[in-house]
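Structural features, examined
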Amino acid sequence: MSKKTYSIFGAGAAGLYTAWRLLDGKSKLAKNEKMLVKGDVLELYDWGKYDFSKKNPGTREPGARVCTWHYKDDKDNSYLELGGMRYLYWDGTPEGPGHRLVTKTIEELDLKKDSVPFNESADPLMSLRSKNMYISDINSNQPAPYFANNYAQDAPPDDGFTTIQSVAITQTSGPTTRREWCKFYEEGRINIDMPDSSVYQKGDLLKEIGYWNLGYDMLGQEGFGYLSDGNGYSSNVVNSNSAQSFNVNDEFLPGTEYKTLIKGYSSLFDSLFEEVEKLAKQKGITLNYYPNVRLRSIIHTKSGVNFTTATRKDPDALAERKKCDAAFLAMPRAAIDLVAQASRYSDDEGTDVLNHEKVQLYLESVLMEPSYKIGMFFDTPWWRTTEAGSPTYPAKLTSYFLTQEGIEKLKKEGFPSNYLKKIESAKNPAILVNSFNDKVSFITAVENAIEERLTFKQEKQISTVAELDTIGPSITDMPIRQVVYFGDNARDGKGKKVYGILASYDDILYATFWKALELGPDATREIPESRDVQPLEGPREATPVMVKMLRSQLASLHFGPQADYSYVPEPLETKYMDWSLPPFNAGYHAYKSHYNLGDVQRKIRKPSQLVPNTDSEIFIVGETYSNDQAWVEGAFCTAESVLNDFFGIEPIIDEKYYPFISPE
Ligand SMILES: Cc1cc2nc3c(=O)[nH]c(=O)nc-3n(C[C@H](O)[C@H](O)[C@H](O)COP(=O)(O)OP(=O)(O)OC[C@H]3O[C@@H](n4cnc5c(N)ncnc54)[C@H](O)[C@@H]3O)c2cc1C
């Protein structure tokens, strides 16, 4: 076979993973003409230019919708995550929960040593309707300020998720494995008798019901409002496909253990890029990396895939006409829409795969969920209790969380093995991978499990191993929505300490609140939003009005509703990422109701499967049409599935317990 060219458009999670696995993967067959071999060409295009290395510098840290931001842009300083920030750790067992491909990739790239816990507080601070409280305080004597059906305000807001899913799932019934969930997306129905007043009835298919519609029907306006305000994410309660939202919001998910990388989540993408460069060189495959170049249009022809490019400087004008043997569109829905628009009006010969009606139908199967993050650095961690003092409502950031790694550590330290066995098997409450608010409740649970008192030394040993500094979040209905506490995480530990928080993490409608503050009071907009590629340029400095607005809401959250903005000190630096801007136009995606989302996943990854009599080597990979939307895992899984099923590459891990996309 003559020399092949494979072109990847998008150097984010899906694009880099595709490049890596094309170079690193093993063939399932002895003879496989689809494999890249010596002399072949691998092209990697991106609209942006990420700072991968000294040799390949850029305007911001890599990872596309992942974007680590270091104070003063110095990698030795503390950092915040202004995009994706963590993954669900998988312990490697066949039934273990977690993000298997991200965990595996981190291992393969030898980054396991950099992987650190990134867990949530067991007792978050909330401020709803100007009432400040901790989740553990909510009960019938101190209800949240809502008038919900069935006194839902007497319990934590997330209990609303449990009430909604109770139409089909309970603690002891319903899907648990990934395969069972995929089946549920197709077949899940309301399986309880509903009151006559309910819009939805027993037997109704959940995939045909919008989650907001069902939530409203189940909880009423007040109850739904409480859930929507109090869970922190508007994207968790949009009118998405109910069957999928049940999984996304599943309250019975056991053993969730979040992790991140100590140098920031972007460091995963530095390493992937480096590995791609290394492997291409080793294998004699030419790697052509084109930053600041975008795919403009794409057409299938009998002799291959024809495409045109444009430059970042002049993103609409034709730069080059090119050809490849396989094209991977590793980009989100909005970016694909732009390519489809240009392809639609091109007069080039060939089949316009992206604009076939069925392909368009499936491309539109997802909702776009804009999101917004604003990071602030301070010279004190004023939000928590320290020797220097405490705000009125400090974030409770210390939890007790015992992991399997902790058990191993205790074993080595000579902690009694019969105690450890009982701790590992404890239920009601589970001790392993379960968060405890404070030391007393943790030690009580341990002593109940072992049916003995711990000695002073044992108590100290186990509580030191389990003590965890968490990230919060705090949650509010104010437009800051969620505050995530990173603190001082500088690597070298030298120099003056600088403490970071995500002062605001919000999505959907709340993003528009901050957008209008991107310009000061005397500024008129000069760049059309459709041309403002701020997320590609990198974190942008906040205006003084935005900073003052943030301080005012942070003061209400931590010092009480009437507190003046000046309670919160002047920050050292404040920057934002507006994920509602191009080329992303969404932080993440969710499936709409009235779609067979398994069929969407299977077909859209090779869209010509939807076009009669056409077999085109155009592929779509990425988070958007995945089984794990809003996660890097989804980007990796779609890419893995394409490479396994259309390029004959052996799966990176056993797919038996973990189908990468919804199976047939
Ligand atoms: C605020 C926020 C919080 C998140 N939290 C988490 C989290 O904690 N954990 C987690 O795992 N995930 C999280 N996510 C989601 C995660 O970041 C994404 O799912 C993942 O990064 C998507 O990867 P992707 O490769 O599919 O797409 P993208 O990251 O969007 O990459 C697409 C790439 O394509 C490029 N591109 C676009 N158009 C073109 C074109 N025409 N030609 C060439 N290149 C083009 C873009 O410049 C970009 O580099 C979060 C996302 C956001 C925004």
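All of these numbers come straight from a predicted model, not from anything done at the bench.

Digging into unusual backbone geometry
Residue P429 is reached from N428 by a cis peptide bond, and omega for that bond is -5 degrees. Along the chain, the position of P429 falls in the loop between helix 11 (417-425) and strand 18 (435-436). Cis peptide bonds are those with omega within 30 degrees of zero, and the linkage from P582 to P583 qualifies with 5 degrees. For V433, which is not a glycine, the phi torsion comes out positive at approximately 50 degrees. Structurally, V433 can be placed in the loop between helix 11 and strand 18.

Brief notes about the nonpolar core
Ranked by internal contacts, the top residues of the largest apolar core, which has 169 residues, are L16, A327 and L329. The element contributing the most residues to this core is helix 1 (residues 13-24), with eight residues. For L16, the contacting residues outside a window of four places in its chain are A11, F269, L272, F273 and V276.

Observations regarding the domain arrangement of the chain
Each domain of the chain was delimited in the assignment, giving domain 1 (5-71 + 263-369 + 590-646), domain 2 (136-248) and domain 3 (371-397 + 472-578). Here the C-alpha centre of domain 3 lies 31 Å away from the C-alpha centre of domain 2. With seven residues of domain 2 at the contact, the number on the domain 3 side is nine residues. Residues that form the side of domain 2 that touches domain 3 fall into these classes: two nonpolar, four polar and one charged.

Some thoughts on the packing of helix 10 (residues 404-412) against helix 11
One way to put it is that helix 10 packs onto helix 11 with a least axis distance of 10 Å and a crossing angle of 170 degrees. Relative to helix 11, the element helix 10 is oriented roughly antiparallel. Taking contact as the criterion, the partners of I407, L410 and K411 in helix 10 are, on helix 11, S417, L420 and E424. Partitioned by chemical class, the residues of the contact of helix 10 with helix 11 number three nonpolar, one polar and two charged.

Brief notes about the pairing of strand 16 (residues 371-378)
Taken across its eight residues, strand 16 has eight buried, putting it largely inside the fold. Side-chain alternation along strand 16 places S371, K373, G375 and F377 on one buried face and Y372, I374, M376 and F378 on a second face that is also buried. As defined by bridge partners, strand 16 adjoins strand 22 (residues 499-507) across eight bridges and the pair is classed as antiparallel. Its bridge partner being in strand 22, F378 is matched across the sheet by Y499. Where strand 16 and strand 24 (residues 573-578) come together, six bridges link them in antiparallel fashion. The residue of strand 24 that forms the bridge with G375 is K575.

A few points about the environment of V102
Positionally, V102 belongs in helix 2 (residues 100-108). For V102 and V632, which are 530 residues apart along the polypeptide, the C-alpha to C-alpha distance reads 7.3 Å. Discounting chain neighbours no more than four positions away, the residues touching V102 are Y87, V632, E633 and F636.

Cut-offs and rules
Residues numbered from 1 in each chain as written. Predicted model: local features only at pLDDT ≥ 70, side-chain atom pairs only at ≥ 80, totals over all residues. Helix = DSSP H or I, 4+ residues; strand = E, 2+ residues; numbered from the N terminus. Core = buried A, V, L, I, M, F, W, Y, C linked by C-beta atoms within 7 Å. Buried ≥ 20, exposed ≤ 12 C-beta atoms within 10 Å, placed from the backbone. Contact = placed C-beta atoms within 7 Å. Domains from an automatic or database assignment. Nonpolar A, V, L, I, M, F, W, Y, C, P; charged D, E, K, R; others polar. Axes fitted to C-alpha atoms, helices over the stretch in contact; angles between N-to-C directions. Parallel < 35°, antiparallel > 145°, perpendicular 65-115°, else oblique. Pairing = 2+ DSSP bridges.

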